[in-house]
Amino acid sequence: MIQNSVAALAVIDRLKLDVDNKMTNLVTFKAFNKVLELKEIVNSNQKVTLMDDTHNASLPAMINAIEAFNKQSQFYKGRKIIALGQISDLGDHTEEVHQQLVSVLETSNADIILLTDDPMRKVMRQIKHPCTTWYKNSILLKEDLLHLADDDSFILLKSSVTGTPFPKMVSTLPSAFKENKNEGIRDFKSYLIKKGESYALICDGKVIESKNWVDSQTIEGLAPVIYYILAKTQLLPSSTVLKKWPTNDKKFKEGITIKTEELVESMKYKPHPSQIYQLSNLLFKNEQEREAAVTAFISQYELNPYASVNLTGRFRKKERQRFGIDDLYKILLKNQTLLFQTGPEFMFGDQAIHGFKKTEQGVWIFSSIKSSKRLEQILNRI
């Protein structure tokens, strides 16, 4: 923008026009809306500056926005955050073009990089920046951004204007930040587990009591539950040979034979990730088939769209997923007999405990419980 202004003045001078007179026009110059537009928002806890560049996007425009962010970021003391949606309308060149963003993002001044839309998922998988997260949609990205921004944060927002819901989300950010009560969470994972702890007692399909239903959330996915229910409705071989998975260890070694029935039942008892990998491999021919089946399951049960994102359901900083007890409740209503067919409990989770437990009182559903001791306290109403 500065270079363009100087160039315009040089042309005016070359034409021997009155430069001083024309310079007054720069005083009232204003760029188009959402073209590297700076928006400063002040609330009771913080000041946040947004650089909104969602007017449109091509590869050069996105690189230019990141470079502008790098230059401006030195003037801010808070977290420097880049949030990007896709570059649309690229056809067969979509992957190739987006891959060119990897090195640009890796060398940026961003403390945190948040990405959304399918083409950005492959960017996330290749980028080596330590704080990069991909979101299935921009709704959850927005929620996390409101927690991650601290005082004097500087945030770049960039995407195409069509083909993605990202610009619409960005348009709601100024008012959201104006009302934001968060102060910039440091240990984000622990914060979400603590905030998301929730449980409910269900009897005859009705909620008898509950805690934190509205704010119930996790940092993990529903993969073990989904695979268990799908496996119960399919004809599978009686046994399977464990393949080479990245999570194999001394107990779960490549080549060991596992009874399929035991593999399926293991989903109910905090399964090892290699068990989840193996069951997924039995159920689906490839990753595309797996994703289609999971998407269909989420749609059928009207679950959160990000309730199951990665293959194992484990917490992964680079792929954000989340479900709540509302999702567990919907699954319970249609599968209570199936869930408790071989025992009174179904528990899963890597960072926290989630699941179902049948008792004399009814069925407890719970999520983001930090320990077995805490779960026992809840079930015993201590």
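Check the entry above for the structure.
(A) Spatial organisation of the sheet that holds strand β4 (residues 112–116). Ordered in space as β1-β2-β6-β3-β4-β5, the six strands form an open sheet in which the pairing is mixed. The two strands at the open ends of the sheet, each matched to only one other strand, are β1 (37–42) and β5 (132–135). Averaged over neighbouring strand pairs, the angle between their axes works out to 20° when direction is ignored. Relative to strand β6 (residues 153–158), strand β2 (residues 47–53) runs parallel, the two being bridged by six bridges. Note that in β6 the partner of Thr 49 across the bridge is Phe 154. Across the face of the sheet, helix α6 (residues 118–126) comes into contact with β3 (80–84), β4 and β5 while running at roughly 155° to β5.

(B) Quick peek at unusual backbone geometry. If you check the backbone angles, Asp 117 has positive phi at about 85° while not being a glycine. By the secondary structure assignment, Asp 117 is in the loop between β4 and α6. Notably, Asp 152 is not glycine yet its phi reads approximately 65°, a positive angle. Among the structural elements, Asp 152 can be located in the loop between α7 (138–148) and β6. Note on Asp 152: relative accessible area 13%, which makes it buried.

(C) Layout of the sheet that holds strand β11 (residues 345–348). Taken in spatial order, the five strands of this open sheet run β8-β7-β13-β12-β11, and their pairing is antiparallel. On the outer flanks of this sheet lie β8 (206–211) and β11, each paired with one strand and no other. Strand-to-strand twist across the sheet, computed as the mean angle between neighbouring axes with direction ignored, equals 10°. Relative to strand β13 (residues 363–369), strand β7 (residues 198–203) is paired through five bridges, and the arrangement is antiparallel. Paired with Ala 200 across the bridge in β13 is Ile 365. Helix α10 (residues 223–231) contacts β11 and β12 (353–358) of the sheet and is inclined by roughly 135° relative to β11.

(D) Molecular detail of the pattern of salt bridges. Summed over the entire model, instances satisfying the criterion amount to 16 salt bridges. One salt bridge in this structure joins Glu 319 and Arg 121, with 2.7 Å as the shortest N-O distance. Pair noted here: Glu 319 is in the loop between α13 (287–301) and α14 (325–339) and Arg 121 is in helix α6, with a separation of 198 residues, a long-range link. The same class applies to Glu 319 and to Arg 121, which are both buried. Between Arg 125 and Glu 319 there is a salt bridge, and its shortest N-O distance comes to 3.7 Å. One end of the pair, Arg 125, is in helix α6; the other, Glu 319, is in the loop between α13 and α14, with 194 residues separating them in the sequence. Members of the salt-bridge network, linked through shared partners, are Arg 121, Arg 125, Glu 291 and Glu 319.

Cut-offs used in this document
- Residues numbered from 1 in each chain as written.
- Predicted model: local features only at pLDDT ≥ 70, side-chain atom pairs only at ≥ 80, totals over all residues.
- Heavy atoms only, no water.
- Pairing = 2+ DSSP bridges.
- Helix = DSSP H or I, 4+ residues; strand = E, 2+ residues; numbered from the N terminus.
- Axes fitted to C-alpha atoms, helices over the stretch in contact; angles between N-to-C directions.
- Contact = heavy atoms within 4.5 Å.
- Buried < 20%, exposed > 50% of the residue type's maximum accessible area, 1.4 Å probe, protein only.
- Salt bridge = Lys/Arg side-chain N within 4 Å of Asp/Glu carboxyl O.

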